[in-house]
Each structure stands twice: as structure tokens, then as C-alpha cells.
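Spelled out from the first residue to the last, the chains are:
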Amino acid sequence: MANNFAVVNENNGTPWVLGSDDANALILYMTSLSNGKQIRLAPPDTYKKDWITKGLAAFQSQELSLNGESCETCHIEGGRKKNLVDNKVIPDLKGVAARYPQYNYHVNKIIILEQQINLCLEKNLAGHAIPLDDELMVARTTYITWLSEGYKISVAKLPEK
Ligand code: HEC
């Protein structure tokens, strides 16, 4: 991850671990510098399309699931629509990427979008968390970030004084 290159010399030569509190704090700070700007995936169109397609396939597949469900079971229409399962509100995923890193009450820390996906994998698909840089994780995150294109980044907003 690009962030590692930036901080490697300021961290006594040790690359920061993706998903660690320190790395998340750094990502949160860097993302906050873009508050108000619209999300847009940077890669060239053909490359981007491949990853979005791969991400949607992963989103709809039961590959990492141990209960026969997929992300799509709850987050319907590819995550575009709110849903109600057993009287529980399932959020739609449009604009979600604009709000991460974010504080999460369940784990009581700041998490990145990939870690939220892992929480859903563990909690809602009865599966196992996968490495944050796993290809299936990158694909899912790319897909969800694409759903958020055009939304304004809004992280770590402090209350008005
Ligand atoms: C059994 C239903 C269910 C399944 C299956 C499920 N989720 Fe979720 N998801 C939820 C609920 C409920 C929430 C709201 C937060 C919470 O309670 O954990 C949520 C929250 C999220 C969020 C954060 C939304 C926000 O507004 O911050 C993301 C991103 C997400 N899910 C992605 C996924 C992905 C990717 C998968 C597949 C790997 C998945 N979910 C599978 C129920 C589900």
C-alpha cells in the first residue's frame, strides 16, 4: 500500500501494518484532508471495470460464506437498496466509502472499509476474516467504492464549537 512508502522512514524502517491503529489513524488523517471532495476511483477505465465486475461477483458469491448466504442476501440490488431482514434494518451501501475510516462501536476503534467488510464476513456470513489486501477483499472494496463515486468524502468531522 502506498502509505507504507510514505511513512517507512518515520517509523524506524518498519512498514506500518495495514489495519493497525496507527495505520488507520494515518489513513483517517490523510482522508480528512480530502473532506468535501467527491469520491472517484482513479485507475484507467478498463482496469477499473475488471475490478468492479470482479467485486460484484464476489459480493454475490457464497465463496467465503459458511452459512450459504452472500453479501447480496442482505444488501440487495448489489448494495444499492436498503432492506429489512428479521426486522433488522440493513443499510444500503451507496456513499459508504465516503465515511471510512470510521469509529465502530462493536470493536471500539477506528476501522477502514475493509475491516467493516470482514466484520460482515464474520458476523453475517459466519465466515472467517480475510487479509485486508486479499484479492477478493480489494475487489469487494473497489466495487463498494465505485458505488460511492460522486459522494463527498466526510470523515472525522469534529463537532462545531
Ligand atoms: C445477514 C445480513 C448481512 C450480510 C450477509 C452482510 N451484511 Fe453488511 N451489514 C449488515 C448490517 C445489519 C449492517 C449494519 C451494521 C451492523 O450492524 O453490523 C451492515 C453493514 C455493512 C457495511 C457498513 C455500512 C455503513 O453504513 O457503514 C458494509 C460496507 C457492509 N455491511 C458490507 C457487507 C459485505 C461486503 C458483505 C459480504 C461479505 C456483507 N456486508 C454481508 C448485514 C449484513
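Structure's up top.
A quick note: this is a predicted structure, and the numbers were derived from the prediction, not measured.

Draft legend 1. Region of the structure containing the environment of Asn 124. Mapped onto the secondary structure, Asn 124 falls in helix H6 (residues 113-124). Through-space distance from the C-alpha of Asn 124 to that of Cys 74 is 9.0 Å; in sequence the pair is 50 residues apart. Filtering out sequence-adjacent residues up to four positions away, Asn 124 remains in contact with Asn 67, Glu 69 and Leu 119.

Draft legend 2. Looking closely at the coordination of the iron atom of the ligand. Here the iron atom of the ligand is held by the protein donor atoms His 75 (NE2) and Cys 120 (SG), which lie 2.1 to 2.3 Å from it. Angles of 87 to 180° at the metal separate the six donor atoms of the iron atom of the ligand, which places the site in the octahedral class. Of this pair, His 75 sits in the loop between helix H4 (71-74) and helix H5 (76-79) while Cys 120 sits in helix H6; the two residues are 45 residues apart in sequence, bridging distant segments of the chain. For Cys 120, a relative accessible area of 24% corresponds to the partly exposed category.

Draft legend 3. Summary view of the packing of aromatic side chains. Under the defined criterion, the tally for this structure stands at four aromatic pairs. On the basis of an interplanar angle of 90° and a centroid distance of 5.0 Å, the ring pair of Tyr 103 and Tyr 105 is categorised as edge-to-face. Aromatic pair Tyr 143 and Trp 146: ring centres 6.0 Å apart, planes at 40°, arrangement tilted. Here Tyr 143 pairs with Trp 146, and both are found in helix H7 (residues 135-147), just three residues apart, close to one helical turn. Residue classification places Tyr 143 among the buried positions, given a relative accessible area of 1%. Note on Trp 146: relative accessible area 29%, which makes it partly exposed. Following the ring pairs from residue to residue traces out a cluster consisting of Phe 59, Tyr 143 and Trp 146. Over the face of the ring belonging to Trp 51 we find Lys 54, whose NZ or CZ atom lies 4.0 Å from the ring centre.

Procedures and definitions
- Residues numbered from 1 in each chain as written.
- Predicted model: local features only at pLDDT ≥ 70, side-chain atom pairs only at ≥ 80, totals over all residues.
- Heavy atoms only, no water.
- Helix = DSSP H or I, 4+ residues; strand = E, 2+ residues; numbered from the N terminus.
- Contact = heavy atoms within 4.5 Å.
- Donors = N, O, S within 2.8 Å, 3.2 Å for Na, K, Ca; no water.
- Tetrahedral: all angles 85-135°; square planar, octahedral: opposite > 155°, others 65-115°.
- Buried < 20%, exposed > 50% of the residue type's maximum accessible area, 1.4 Å probe, protein only.
- Phe/Tyr/Trp six-rings, centres within 6.5 Å; stacked < 30°, edge-to-face > 60°.
- Lys NZ or Arg CZ within 6 Å of the ring centre and 35° of its normal.

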